Amino acid sequence: MNKFIMEANQFLNRNVPGYFHADFHGAGQPGNPDFLYKLKNDPHHKWSQQNIRYAINDLNAVLGIDFPEIIKQVEASTLTVCVVPRAKAEASYRPDQLLFKATVGAYARSTLGFADGSDFIIRHTNTRTTHLRNPVDGFENDGRMPYPGIASDTCNFSAHIRGRDILLVDDIYTKTVNIDEDMVQALFDNGARSVVFYAIGNTPKRI
């Protein structure tokens with residue numbers, strides 16, 4: 001696991017500690033967490049159920065390595081685990097396209113030192129899927145690109161966030177996009193006592 005500082009900028013008004021498991025270099029590259037693609041289960045991939053089960057197991061293995069290390073390094077007895085929602089309104093996805101959130105939530109519920117807040121942030125309005133370079137058949141990539149305040153404008157935040165120490169989890173972090181910075185700021189705006197960020201993959205450069 002690697003530690004970094006999520007730096008204050010126009011999206012975020014303070015520095016926040018961050019962690020990531022591995023660099024994300026793109027599908028098929030050595031050491032790349034390719035299982036993340038399977039957890040999205042988008043229709044154009046047509047993953048088998050066995051592929052998806054293996055991906056869930058891979059994610060659980062990573063969480064089992066990194067989460068215990070994170071809780072050792074923070075000044076909190078319990079971290080409430082929230083998940084950055086997918087880019088489109090949650091109601092537009094099938095349950096088997098929300099497996100990243102479901103797996104993270106299940107791990108938090110079963111692990112000492114963590115509480116499940118995976119449903120504390122729900123996307124209600126589509127945003128642009130920033131990592132898609134080319135059109136995908138049958139997929140309309142509508143919604144706005146990131147701007148300061150987009151998380152608050154497009155998501156509902158639970159009142160249970162107030163006063164909690166939050167571990168915000170995303171699948172991939174890309175510094176230049178600022179989706180995660182904006183989501184962290186929204187958590188503070190909704191009363192979080194502290195926020196730590198964690199991603200499975202970190203994009204060394206925009207891919």
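Residues numbered from 1 in each chain as written. Predicted model: local features only at pLDDT ≥ 70, side-chain atom pairs only at ≥ 80, totals over all residues. Heavy atoms only, no water.

Caption draft 1: Representation of the overall build of the chain in the model. In terms of regular secondary structure, the chain is built from five helices and eight strands. Listing every helix and strand of the chain by position from the N terminus yields β-β-α-α-β-α-β-β-α-β-β-α-β. Against the globule reference of 17 Å for 207 residues, the chain gives a C-alpha radius of gyration of 16 Å, in line with a compact fold. Taken over the C-alpha atoms alone, the chain extends approximately 45 × 35 × 30 Å along its principal axes. The buried share among the 207 residues of the chain stands at 51%. Long-range pairs, those at least 24 residues apart, make up 72% of the contacts in the chain with a sequence separation of at least 6. The positive charge centre, built from 22 side chains, and the negative charge centre, built from 23, are 1 Å apart in the chain. (Helix = DSSP H or I, 4+ residues; strand = E, 2+ residues; numbered from the N terminus. Rg over C-alpha atoms; globule rule 2.2 N^0.38 Å. Buried < 20%, exposed > 50% of the residue type's maximum accessible area, 1.4 Å probe, protein only. Contact = heavy atoms within 4.5 Å. Lys, Arg positive; Asp, Glu negative; His and termini not counted. Charge placed at Lys NZ, Arg CZ, Asp CG, Glu CD.)

Caption draft 2: How the structure looks around the sheet that holds strand β2 (residues 16-23). With mixed pairing, six strands are arranged side by side in an open sheet as β1-β2-β8-β7-β3-β4. Taken across any chain shown, the strands that pair with only one partner, and hence form the sheet edges, are β1 (2-6) and β4 (114-116). Here the strands of the sheet are splayed against their neighbours by 30° on average, with no regard to which way each runs. Pairing between β1 and β2: five bridges, direction antiparallel. Within the sheet, the bridge partner assigned to K3 lies in β2 and is Y19. On top of the sheet, helix α5 (residues 179-189) reaches β1, β2, β7 (165-173) and β8 (194-202); it is set at about 165° to β7, its chief contact. (Pairing = 2+ DSSP bridges. Axes fitted to C-alpha atoms, helices over the stretch in contact; angles between N-to-C directions.)

Caption draft 3: Geometry of the state of the cysteines. The full count for this structure, using the stated rule, is zero disulfides. Not engaged in a disulfide, the cysteine C82 finds its nearest cysteine sulfur in C155; these two sulfurs lie 11 Å apart. (Disulfide = S-S within 2.5 Å.)

Caption draft 4: Spotlight on helix α3 (residues 99-109). Within α3, eight of the 11 residues are buried, which leaves the element mostly enclosed by the surrounding structure. Along α3, the residues that are buried comprise L99, F100, K101, T103, V104, G105, Y107 and A108.

Caption draft 5: Layout of the pattern of salt bridges. Applying the stated criterion to the full structure yields eight salt bridges. We note a salt bridge from K40 to D171, for which the minimum N-O separation is 2.8 Å. Of this pair, K40 sits in helix α1 (residues 35-40) while D171 sits in strand β7, placing them 131 residues apart in sequence. The same class applies to K40 and to D171, which are both buried. Among the charged side chains, a salt-bridge network with shared partners connects E90, K101 and D119. (Salt bridge = Lys/Arg side-chain N within 4 Å of Asp/Glu carboxyl O.)

Nothing here speaks to function; it is all geometry.
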